[in-house]
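# Observations on the three-dimensional arrangement
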Amino acid sequence: MLKNKNICILGGNDELTNSFYIYCKKTFKKTIYINFSNKKHANTLNKDIYNLHLYELKKCLDILKKNNINELVFIGKILRPDLTKFKLDGIIDQYLDKLINSYKKGDGEVLKVVISIFNEKGFKVVPITHLTNNFSFRKSDKNIIFNMNDSDQTDIEKAFKILNVLSKYDNAQSIIIDSGHILAIEAAEGTDEMIDKVITYKKKLPINESKGILVKLPKKNQSLKVDLPVIGPKTIKLLKKAKIKSLAVTKSRTLVNNLDKTLKEIEKNKINLYFI
């Protein structure tokens, strides 16, 4: 029974993570939230929320044991740590070589090592989609097209090829293309910041026509337990501001913060939505 589960959310401090935490508190027997991002969680009075540094593995394991946790959910954006600031705690020391080697290969490899560490310690890492469908598109959801641009399909095909090539280097889940021209590719800063760059770029030209498409895909061969692409109402508002007319995502492998509000923003701002 899902209601009898004890869950720990491990990850960042952002809208999706906080929304998921609220959902879990209402749904499961016990939910705790360990925030590893640089942005400390303000709700320090909540005894089920912990702010830790990424290197505090011993403290993390102690918290999990104290709360009788056996299932973990990784969610939210965490910036790559500065390895020079890592402090040994007696347990992280055992995995430092593995972490350093994976760090050189990219975020995906780091996450694989982190998952393997927790598996070794007896914990099960589960994807959000195994616990709820409240944060993903429904099977019944269809493409939403208001005014299809002639270049949308060819731009989607080009984006798909580029992102699949880049994923070999464990880089980029998102790209913005307009009529074959690449406007931006997501880097470490994230999708919202990438869209902000396009807003700045278009203001300088200026470009007033709304066109172009944001394509957002999981990295090829990545673990679907963690680091799935995320969109939400803010994404749609930024697309409108950036004069980007269309959005393409995978239906089953995209997390959505506040699905109903996201769909309302899509309707309100007349953003074409393609499932690929």
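Shown above is the structure to which this text applies.
Okay, so let's go over this structure. (Residues numbered from 1 in each chain as written. Predicted model: local features only at pLDDT ≥ 70, side-chain atom pairs only at ≥ 80, totals over all residues. Heavy atoms only, no water.)

Right, let's talk about the sheet that holds strand β10 (residues 246–249) for a bit. Strands in a sheet are paired, the pairing made by backbone hydrogen bonds, and the direction either parallel or antiparallel. Sheet architecture is open: 5 strands sit in the order β7-β6-β8-β10-β12, paired in mixed fashion. Across the chains shown, the open sheet's two edge strands, defined by having one partner strand only, are β7 (181–185) and β12 (272–275). Direction aside, neighbouring strands of the sheet carry axes that sit 20 degrees apart on average. Relative to β10, strand β8 (residues 213–216) runs parallel, the two sharing 4 bridges. (Pairing = 2+ DSSP bridges. Helix = DSSP H or I, 4+ residues; strand = E, 2+ residues; numbered from the N terminus. Axes fitted to C-alpha atoms, helices over the stretch in contact; angles between N-to-C directions.)

A few words now on the packing of helix α6 (residues 191–204) against helix α7 (residues 233–241). Between α6 and α7, the least distance of the axes is 9 Å, while the angle of their chain directions is 15 degrees. Here α6 is positioned roughly parallel relative to α7, judged by the angle of their axes. Here the hand of the crossing between α6 and α7 comes out left-handed. Contacts from D192, I195, D196 and I199 of α6 reach α7 at K234, T235, L238, L239 and K241. Among the residues making up the contact of α6 with α7, the classes are represented as 4 nonpolar, 1 polar and 4 charged. (Parallel < 35°, antiparallel > 145°, perpendicular 65-115°, else oblique. Left-handed = near helix turned anticlockwise from the far one by under 90°. Contact = heavy atoms within 4.5 Å. Nonpolar A, V, L, I, M, F, W, Y, C, P; charged D, E, K, R; others polar.)

A separate point is helix α8 (residues 259–269). For α8, the set of buried residues is L259, T262, L263, E265, I266 and N269. Looking straight down α8, one finds that the buried residues subtend no more than 155 degrees of arc, so they occupy a single side. Facing away from the buried surface of α8 by more than 90 degrees, the exposed residues are K264 and K268. Buried residues along α8 sit in contact with β9 (230–231), α7, β11 (255–256) and β12. Just downstream of α8, K270 is the residue with a positive phi angle, here 55 degrees. (Buried < 20%, exposed > 50% of the residue type's maximum accessible area, 1.4 Å probe, protein only. Arc of directions from axis to C-beta.)

All told, the structure shown has 0 disulfides when counted by the stated rule. Counting only cysteine sulfurs, C8 is the nearest neighbor of C60, a cysteine outside any disulfide, at a range of 6.2 Å. (Disulfide = S-S within 2.5 Å.)

Moving on, we get to the pattern of salt bridges. Close approach of charged atoms allows side chains with opposite charge to pair. The full count for this structure, using the stated rule, is 10 salt bridges. We note a salt bridge from D48 to K30, for which the minimum N-O separation is 3.1 Å. Of this pair, D48 sits in the loop between β2 (30–35) and β3 (49–51) while K30 is found in strand β2, placing the two residues 18 residues apart along the sequence. On the accessibility criterion, K30 (24% relative accessible area) is partly exposed. Residue D260 pairs with R138 through a salt bridge whose shortest N-O separation is 3.9 Å. Of the two residues, D260 is situated in helix α8 and R138 in the loop between β5 (124–125) and α5 (152–166); the sequence distance between them amounts to 122 residues. We classify R138 as partly exposed; its relative accessible area is 36%. (Salt bridge = Lys/Arg side-chain N within 4 Å of Asp/Glu carboxyl O.)

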